[in-house]
Amino acid sequence: MSESDWSGAAEAGDTPPQRPIPRPAASSRRRGPLVPTLIALAVLAAVATGLAGVWTDLLWFRSVGFSGVFSTTLLTRLGLGAVGFALVAGLVFASLLIAYRTRPFYVPRTRGSDSLEQYREAIEPVRRVAVIAIPVVLGALAATAAAGQWRTYLLWANQVPFGSTDAHFGRDIAFFVFTVPWLQTVIGFLTLAFGAALVAGAFTQYIYGGLQLPGRGPSTRAAMTQVAVLGAALALLRAASYVVSRYTLATKESRLITGITYTDAKAVLPTRFILAIAAVIVAALFLAAIVTRSWRLPIIGVALLVITSVVVGGIYPAIIQSVRVKPSEKSLEAPYIQRNINATRTAYGLDKVETTPYQARTEASSGQLRNDAETIPGIRLVDPIVVAPTFRQLQALKPYYAFPDALDVDRYIIDGKEADIVIAARELSLDGVPASQRNWLNDHTVYTHGFGVVAAYGNKRDSDGQPVFAVRNIPPTGALGEFEPRIYFGEQSPEYSIVGGTAQEAPREFDYPDSSPQGQKNNTYAGSGGVQIGSFVRQAAYAVKYRELNFLLSNAVGSGSRILDHRRPLERVQRVAPWLTLDGNPYPALIDGRVQWIVDGYTTTANYPYSQLESLDIATSDSTTQRATSVAAIRAGQVNYVRNSVKATVDAFDGAVKLYAWDETDPLLRTWSKAYPGSVSPLSEISGSLMAHLRYPEDLLKIQRMVLSRYHVNDADSFFGGNDYWRVPQDPAQEGLDVPQPPYYLTLEMPGQERPAFSLTTTFMPTGDRQVLSGFLAVDSDAGTTTGTKAAGFGTLRLLELPRDSNVKGPGQVQNDINSSNLSNPGFALTLSQFLNNNRQQGSRVTLGNLLTLPVGGGLLYVQPIYVSANSASAYPLSRVTVAAFGDKLGWSDTLTGALDQLFGGNAGANAGDDGSGTTPPPATTPETDADILAAALADMQTAFEEGQAALEKGDFAAYGAAQKRLQDALAKAIAAQPEGGSATVTPTPSPTASATPTG
């Protein structure tokens, strides 16, 4: 074939092109150096910032022992980005180059050729640059998109089998979870690459006259070949997409279920094969155009493919659905619904729920709780959200100390017995530092850490309604033993702190306030956390990262300095395990003398075949996430498979992160462990002391209860009718807040259990208007205390299913009974409703505590603490009464024991122990030695004095008088604890400083 045949120069009617217009002479005016200099500086700054970010990230990952995670993720992203760049940039560059080099030597004169000549003249001066720049820009965009698929690639490359197959195709579940998403990614990316190459080549051929529009003359053979080959490639990719899309039907959402339905199986799946064959034929028609030198066949083929996809892929299934399925939908969809039920229960861990029919009693009689005497003392009377202000007022001690607005519930062994404990870390909050002392030096080198934890017994309150503390004050004292109190890593830690120093340097970090003349104790960090920044190069890198010159200028940054950053527990765990979905509520625990943050990690996917898709955001939202900023709903889109596969810990002192495999059978965890070898420690390495504080996570139960509200129905016929669906009750304690009630941790004994166990509980109600209970779910949350072994019953979900005609009142009805009750109590001059109304109107505020539900006495018992506080900013809630409800009866008193006795005819048969006479002996809440008593009394005096001064400044004389009363009581205790008597005075504590008061 001659060159003229290939390029099309010998076609009839060709005329010589016009002479090219000479390029204008370049301007003789020389540009100044300012613009190039600015551009060079901008490029250097961008490069320096990028390198500083990468290097400091590497230093951080090395400091926590997860450098392998950093390198694997980085190399995977770079590799995918390089492949994506090379593929797209290479195809577009080759397409542009081929189109230009095979352009016709003589441009034919046709309609519009003059306009094209103008385009060519405009393009010619920048053509060489454009041929490079366009592929580079498109390649860079493609590289970014490809690098973002690193999770999909790692899952596909390291996949392990699930060991079970889907119900329709007979393939292992791993194929749908790992392989199908990667195939979709590859096909989509190749379609993008070839599509860009087709557009680039066709445009170039058209501009230079090689490609002609229909009716304007023939195209050159070179243009025909280039466009036809790229068009055929796109058609083949479309065929591959049709084939792979058959498998995506297993996770398709429909009106009824997630997964393949009757119409999908009988109409959609066969048509996908037909469409794939049609796409292959279209590819052949594109190649045939090279021979026929006409676009007629490819155009007809594409048009027929579009029509076929509409008719066969859309209209035909719609006809089948309307004519065949709808008249007999229940029977035809039954096998597909059953697949969905089975897969959903398996994917969400609900296939082993122990369901027990429960005929709940509603009559209360004397001695009815005798068989539940061990459960009653475990009823938690302290609401972790309501008492958060109480913790702040009584134990923050200084305005720069803070507690979360939702405390956590855990359990500890005290005096040989397990007790439920409400606990919180006393963290540093820079928002509480006086404005006059806010500067870079103080913010980042002085105020560096919080101090200690505060813990209260879950089932105790003192005579004033305050929590009974198991750990309190600074330094911490109490019943949970000694521990390292400094909180350098926490939920409210500053963005970064510079700590440490040499032995010759005076301590710089504020540690805690004391009664010394300086008013404070200083400290030098001696831990191994953070990154050493003793060298100039590292200081410069962090100066660039945080855009702060003080890293280089301040004498507070020296050879012994370390930087603590990325300090919040969730952030630290997410960085070392980017493949995990994290629970929204990390909690602190005292383990082996250290404060450890415990974080629950989930492996999730939305590609489990036939399992119902659920939105994590909706499923994990409740009244707690609405009211508290420290507890968040999971915002990770939709999933249809979830496992609590990892338990993570973050040391509050040195920031050490540990990941432990909790569900070692989970295929997703095993896959990620292959991708990041050595990052997850085996279950056998979990110590017994850590195991004692691991629990069933709230967010997991929230997800499961949403699914269980429908999928407790496990037969297709009943599921289709939907008459037995449930819903989660709204939280009745939150007036005006229409959100679900959260699950509650408490110790109880479910039917079938041998003894009470720490559990996580929730209730269900039927859909519709009925406000009665339909189910009660409790999951065993006690992991035991054996190293490397979970307790035998841990994670067991026990569901009590009430009869459909049950009249056991739901939480909303019980709350209405409480608010309107005319029941009186011998210890109060008012009825319950009068007590609530009076305290809401006379300068006070009533806060309703969590309404707990327990299966005791053969029925369901409701218990609610009620708090009262003054209607002022400095007031805090105090527990004043406790209400108990069973059936149609109520009881209330200042103690749970009194409320139960009133409810059950004067003698409940069990004692809650909150009046000091129960089966659980009152814990020692005061220090044993005179020195400890004196220290605690002095701390109480200081707190009372400061609260009195604050109240006096605000003109709140009632609060001032109460503070003076507390001051007198503490003073009396201090005098009694003095050796041979003595006197005590209160000295205001000055604000903390760093040696001398630092300034910016």
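Not measured: the values here are computed from a predicted model.

> Which parts of the structure should I look at to understand the overall build of the protein?
Looking only at helices and strands, the protein features 27 helices and 32 strands. Out of the 1000 residues belonging to the protein, those deemed buried represent 54%. Of the contacts made within the protein by residues no fewer than 6 positions apart, 70% connect residues no fewer than 24 positions apart. A total accessible area of about 43100 Å² is found for the protein, and carbon and sulfur atoms account for 56% of it.

> Teacher, can you tell me more about unusual backbone geometry here?
The phi angle of most residues is negative, glycine excepted, and most peptide bonds adopt the trans form. A cis amide bond links Ile474 to the next residue, Pro475, at an omega of -10°. By the secondary structure assignment, Pro475 is in the loop between β8 (467-472) and β9 (477-478). Positioned with a positive phi, Arg547 is a non-glycine residue whose angle comes to about 50°. One can find Arg547 in the loop between α14 (536-546) and α15 (550-553). Under the relative-accessibility criterion, Arg547 is labelled exposed at 67%. Backbone geometry places Tyr610, a non-glycine residue, at a positive phi of 75°. One can find Tyr610 in the loop between β18 (594-605) and β19 (614-615). For Tyr610, a relative accessible area of 4% puts it in the buried group.

> What exactly am I supposed to notice about the pattern of salt bridges here?
Scanning the model with the defined rule gives 22 salt bridges in all. In this structure, Asp264 and Lys252 form a salt bridge, with 2.8 Å as the shortest nitrogen-oxygen distance. Taken together, the residues Asp264 in helix α9 (residues 262-292) and Lys252 in the loop between α8 (221-248) and α9 connect sequence positions 12 residues apart. Under the relative-accessibility criterion, Asp264 is labelled buried at 3%. Put simply, Asp57, Lys545, Asp565 and Arg575 are held in one network by salt bridges that share partners.

> Teacher, can you tell me more about the environment of Tyr348 here?
Structurally, the position occupied by Tyr348 is in the loop between α11 (329-347) and β1 (354-357). Residues Tyr348 and Thr604, spaced 256 residues apart in sequence, show a C-alpha to C-alpha distance of 9.9 Å. Contact partners of Tyr348, with chain neighbours within four places excluded, come to Ser611, Gln612, Leu613, Glu614, Val639, Asn640, Tyr641, Val642, Arg643, Ile703, Gln704 and Val707. Within polar-contact distance, the side chain of Tyr348 engages the backbone oxygen of Gln612 at 2.7 Å.

> Would you mind showing me how to read the packing of aromatic side chains here?
For any two aromatic rings, the description comes down to two numbers: the centre-to-centre distance and the angle of the planes. For the structure shown, the criterion picks out 44 aromatic pairs. Residues Phe391 and Phe469 carry aromatic rings whose centres are separated by 5.4 Å and whose planes lie at 65° to one another, so their mutual orientation is edge-to-face. You can see Phe391 sitting in helix α12 (residues 388-395) and its partner Phe469 sitting in strand β8, a full 78 residues away along the chain. When sorted by exposure, Phe391 lands in the same class as Phe469, which is buried. Aromatic side chains Tyr447 and Phe510 sit 6.0 Å apart centroid to centroid with 55° between the ring planes, which places their arrangement in the tilted category. Placement of the pair is Tyr447 in the loop between α13 (440-446) and β6 (450-451) and Phe510 in strand β12 (residues 509-513), with a sequence separation of 63 residues. Each member of the pair, Tyr447 as well as Phe510, is classed as buried. Among the aromatic residues, those joined into a ring-pair cluster are Trp440, Tyr496, Tyr542, Tyr546 and Phe551. We note Arg246 situated over the ring of Tyr247; from NZ or CZ to the ring centre the distance is 5.9 Å.

> For this particular structure, what's the right way to read the packing of helix α6 (residues 150-157) against helix α19 (residues 667-675)?
Helix-helix packing is characterised by the crossing angle of the two axes and by the distance between the axes. At a minimum axis separation of 9 Å, α6 and α19 run at an interaxial angle of 100°. It follows from the interaxial angle that α6 and α19 lie roughly perpendicular. Packed against α6, whose contacting residues are Arg151, Leu154 and Leu155, the element α19 presents Leu668, Thr671, Trp672 and Ala675 at the interface. Classifying every residue of the contact of α6 with α19 by side-chain character gives 5 nonpolar, 1 polar and 1 charged.

> In this structure, what is going on with the sheet that holds strand β11 (residues 496-500)? I would like to understand it.
The 3 strands are arranged β11-β15-β14 in an open sheet whose pairing can be described as antiparallel. Either end of the sheet is taken by a strand with one partner, and the two such strands are β11 and β14 (531-532). Strand direction decides the pairing type here: β11 and strand β15 (residues 561-565), joined by 5 bridges, are antiparallel. When the bridges of β15 are listed, Tyr496 appears paired with Asp565. The strands touched by α14 within the sheet are β11, β14 and β15, with β15 carrying the most contacts at an inclination of about 30°.

> Would you mind going over helix α7 (residues 173-207) with me for this structure?
End to end, α7 covers 51 Å across 35 residues, agreeing with the expected 51 Å (1.5 Å per residue, within 8%). The largest bend in α7 comes to about 35°, at Thr179, with the proline Pro181 one to four residues further on. Of the residues trailing α7, Gly209 is marked for its positive phi of about 85°.

> What should I look at first to understand empty space enclosed by the protein in this one?
Space left empty within the atom packing is revealed by a probe, the size of a water molecule, rolled over the atoms. One pass over the full model with this rule turns up 8 cavities of 30 Å³ or more. Of all the secondary-structure elements, those providing two or more residues to the lining of the largest cavity are β3 (408-414), α18 (623-627) and β24 (744-748). The element contributing the most residues to the lining of the largest cavity is α18, with 3 residues. Class assignment of the residues belonging to the lining of the largest cavity gives a composition of 11 nonpolar, 6 polar and 7 charged.

The rules behind each value
Residues numbered from 1 in each chain as written. Predicted model: local features only at pLDDT ≥ 70, side-chain atom pairs only at ≥ 80, totals over all residues. Heavy atoms only, no water. Helix = DSSP H or I, 4+ residues; strand = E, 2+ residues; numbered from the N terminus. Buried < 20%, exposed > 50% of the residue type's maximum accessible area, 1.4 Å probe, protein only. Contact = heavy atoms within 4.5 Å. Areas by Shrake-Rupley, 256 points an atom, 1.4 Å probe, with all protein chains shown as cover. Salt bridge = Lys/Arg side-chain N within 4 Å of Asp/Glu carboxyl O. Polar contact = N/O pair within 3.5 Å; in protein donor to acceptor, adjacent residues only side chain to side chain. Phe/Tyr/Trp six-rings, centres within 6.5 Å; stacked < 30°, edge-to-face > 60°. Lys NZ or Arg CZ within 6 Å of the ring centre and 35° of its normal. Axes fitted to C-alpha atoms, helices over the stretch in contact; angles between N-to-C directions. Parallel < 35°, antiparallel > 145°, perpendicular 65-115°, else oblique. Nonpolar A, V, L, I, M, F, W, Y, C, P; charged D, E, K, R; others polar. Pairing = 2+ DSSP bridges. Expected span 1.5 Å × (residues − 1). Bend = angle between axes of the 7 residues up to and from the residue. 1 Å grid on protein atoms, 1.4 Å probe; cavity = no way out; pocket = protein on both sides within 12 Å on 5 of 7 lines; lining within 4 Å. Points joined across faces, edges and corners; volume = space filled by probe spheres on them.

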